[in-house]
Amino acid sequence: MKIKREIKTLILCIFTFFTVNIFSQSNTKFIVILDAGHGGKDPGNSYHGFVEKEIALKTSLKLDKYLKKDKDIQIIHTRKTDVFIELVDRPKIANKLDAHLFISIHCNSVKNPVPYGSETFVMGLARSSSNLEIAKQENSVILLEKDYKETYKGFNPKNPETLIGLKILQEDYLDRSINLASKIENNFKNKLKRKSRGIKQTPLWVLDAAYMPSVLIELGFLSNNKEGLYLNSDQGQNEMAEAIAVAIINYKKEYFGNKAGKNDQEDSSKVVAIRGIKNNSNNTESESFVQKKASKIESSKVVFKVQIAAGNKNIKLNPNNFKGLKEVSVVSTKGVFYKYLYGSTSDYNEAKENLKVAKSKGYNTAYLIAFKDGKKITIQEALK
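- For the protein chain, the name recorded in an unreviewed UniProt entry is N-acetylmuramoyl-L-alanine amidase, with Flavobacterium sinopsychrotolerans as its organism.
- A UniProt comment under Catalytic activity (unreviewed entry) is attached to the protein chain, and it reads "Hydrolyzes the link between N-acetylmuramoyl residues and L-amino acid residues in certain cell-wall glycopeptides."

Some points on the overall build of the protein chain
Turning to step 1, where the next piece is worked out: Counting its secondary structure elements, the protein chain contains eleven helices and 15 strands.
Turning to step 2, where the next piece is worked out: Looking at the protein chain residue by residue over its 384 residues, the buried ones come to 51%.
Turning to step 3, where the next piece is worked out: Nonlocal contacts in the protein chain, meaning residues at least 24 apart in sequence, comprise 76% of its contacts between residues at least 6 apart.
Turning to step 4, where the next piece is worked out: For the protein chain, the computed accessible surface area is about 18,400 Å², with 50% contributed by carbon and sulfur atoms.

With respect to the nonpolar core
In a soluble, globular protein the nonpolar side chains are often hidden away together inside.
Turning to step 1, where the next piece is worked out: By size, the foremost hydrophobic cluster in this structure holds 48 residues, and its most contacted members are Leu67, Ile103 and Leu219.
Turning to step 2, where the next piece is worked out: Here the element with the most residues in this core is helix H9 (residues 234–256); it accounts for eleven residues.
Turning to step 3, where the next piece is worked out: Of the residues that make up this core, three or more belong to each of domain 1 (30–257) and domain 2 (302–382).
Turning to step 4, where the next piece is worked out: Look past the residues within four positions of Ile103 in its chain and what remains in contact with it is Val32, Ile33, Leu34, Asp35, Leu180, Val215, Ile217 and Ile248.
Turning to step 5, where the next piece is worked out: Judged by nonpolar contacts, the second largest core, of 22 residues, contains Val302, Phe304, Ile308 and Phe322.

Quick look at the pairing of strand E8 (residues 214–221)
Looking along a regular strand, one sees the side chains alternate between the two faces of the sheet.
Turning to step 1, where the next piece is worked out: Of all eight residues that make up E8, eight are buried, and the element is covered over most of its length.
Turning to step 2, where the next piece is worked out: Pairing of strand E5 (residues 101–108) with E8 involves six bridges; the strand directions are parallel. Each bridged residue has a counterpart across the sheet, and for Asn108 the counterpart in E8 is Phe221.
Turning to step 3, where the next piece is worked out: Two elements, strand E6 (residues 118–122) and E8, share three bridges in a ladder whose sense is antiparallel.

Considering the packing of helix H2 (residues 52–67) against H9
Turning to step 1, where the next piece is worked out: Packing of H2 against H9 brings their axes to within 8 Å, and their N-to-C directions diverge by 50 degrees. It follows from the interaxial angle that H2 and H9 lie oblique. Between H2 and H9 lies a crossing of right-handed hand. Only Asp234, Gln237, Asn238, Ala241, Glu242, Ile244, Ala245, Ile248 and Ile249 of H9 make contact with H2, whose side of the interface consists of Ile55, Lys58, Thr59, Lys62, Leu63, Lys65, Tyr66 and Leu67.
Turning to step 2, where the next piece is worked out: Considering only residue class, the contact of H2 with H9 consists of nine nonpolar, three polar and five charged.

Points about the packing of aromatic side chains
Turning to step 1, where the next piece is worked out: The full count for this structure, using the stated rule, is five aromatic pairs.
Turning to step 2, where the next piece is worked out: Seen from their ring centres, Phe30 and Tyr251 are 6.5 Å apart, and the 55 degrees between their planes marks the pair as tilted. Taken together, the residues span a long stretch of sequence, with Phe30 in strand E1 (residues 30–36) and Tyr251 in helix H9 at a distance of 221 residues. Across the pair, Tyr251 and Phe30 agree in class, each one buried.
Turning to step 3, where the next piece is worked out: Ring centres of Phe304 and Tyr348 lie 5.3 Å apart, and the angle between their planes is 55 degrees; this geometry places the pair in the tilted category. Highlighted residues: Phe304 in strand E11 (residues 302–311) and Tyr348 in helix H10 (residues 348–360), separated in sequence by 44 residues.
Turning to step 4, where the next piece is worked out: In this structure Phe304 comes out as buried when scored by relative accessible area, which is 3%.
Turning to step 5, where the next piece is worked out: The exposure class assigned to Tyr348 is partly exposed, which follows from its relative accessible area of 27%.
Turning to step 6, where the next piece is worked out: Three or more aromatic residues joined by ring pairs make a cluster, and in this case those are Phe30, Tyr251, Tyr255 and Phe256.

So, how was this worked out
- Residues numbered from 1 in each chain as written.
- Predicted model: local features only at pLDDT ≥ 70, side-chain atom pairs only at ≥ 80, totals over all residues.
- Heavy atoms only, no water.
- UniProt positions renumbered as here; feature names shortened; annotations may be inferred.
- Helix = DSSP H or I, 4+ residues; strand = E, 2+ residues; numbered from the N terminus.
- Buried < 20%, exposed > 50% of the residue type's maximum accessible area, 1.4 Å probe, protein only.
- Contact = heavy atoms within 4.5 Å.
- Areas by Shrake-Rupley, 256 points an atom, 1.4 Å probe, with all protein chains shown as cover.
- Core = buried A, V, L, I, M, F, W, Y, C linked by side-chain atoms within 4.5 Å.
- Domains from an automatic or database assignment.
- Pairing = 2+ DSSP bridges.
- Axes fitted to C-alpha atoms, helices over the stretch in contact; angles between N-to-C directions.
- Parallel < 35°, antiparallel > 145°, perpendicular 65-115°, else oblique.
- Left-handed = near helix turned anticlockwise from the far one by under 90°.
- Nonpolar A, V, L, I, M, F, W, Y, C, P; charged D, E, K, R; others polar.
- Phe/Tyr/Trp six-rings, centres within 6.5 Å; stacked < 30°, edge-to-face > 60°.

Here's what the structure looks like:
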């Protein structure tokens with residue numbers, strides 16, 4: 001009970017300090033939560049005299065300045081000073097305010113001084129050994145908290161794969177998170193001419209627990225002296241902050257138009273790219289590429305598919321590339337992020353069998369998704 005009271009007190013203090021008069025604001029405001037990673041007793045990564053918590057905070061405050069150019073955006077910070085905020089409380093702030101976006105700012109580092117470039121993470125079950133190392137670093141702050149085992153219900157920060165057993169809270173928002181991540185990385189690459197290491201999915205608690213589209217941005221590697229110097233400078237922080245702000249503002253316009261908070265429906269006329277392979281009577285693969293409006297992608301029936309993989313690599317739709325699975329299709333987000341789907345059926349029981357087949361082929365983190373009129377919906381909505 002004492003721990004719960006302490007957490008409630010902390011949250012109340014945060015709300016009181018950073019959200020004065022927030023509930024008197026118009027509910028049409030587009031609320032963005034800016035989360036400067038680490039802070040206080042948790043410095044994050046430190047290399048060559050560059051400290052992650054300081055760079056993350058300075059960049060977040062500069063990002064605030066650029067976002068305020070859009071009068072419809074309301075910015076809330078998880079921290080504006082060098083204080084320690086428990087990881088569990090960061091997404092809670094966003095959830096309590098029913099925010100539209102959650103943006104977490106961080107800096108990367110590895111023992112090798114050579115790697116450099118930005119990465120933007122979205123919540124997901126796809127993982128690689130390098131992604132897991134980053135997840136361990138960002139989740140390790142949990143160990144600094146009191147009674148972390150009780151608070152995080154068995155989640156082991158040293159083994160992010162334990163998130164597999166938890167509910168995927170962001171299923172409804174993954175597409176939007178990927179879209180925002182694409183805009184951010186494109187701006188880093190095309191506007192600033194920085195190296196982009198792409199968009200990645202990995203189990204990070206701060207993203208998993210946020211009930212809205214959310215991204216974690218690794219601005220670059222502090223272990224790379226040249227990149228560290230750039231990120232530690234006012235110029236670097238201003239340029240990176242402005243690139244992120246432009247992406248957020250463009251995202252808001254795409255989904256909400258000029259009236260923030262009033263239109264939460266995706267634009268049904270948004271053009272997406274879809275490819276698929278089928279076997280003809282001679283059992284040879286034929287590949288087709290079509291571009292259609294989302295409203296025409298599927299029939300009016302609810303369609304279930306199995307998502308088996310996702311990433312920024314455009315893989316040829318050959319069964320040999322998908323462990324022998326033949327009915328594989330791909331949906332691309334602006335040609336920079338690809339989701340690979342297996343099967344297509346309006347029968348839920350058949351879809352569950354397809355899921356079993358995918359897992360039997362080694363796609364252990366595969367899961368069901370559903371579409372209606374070409375738009376992604378939740379499984380619960382599909383079953384209704």
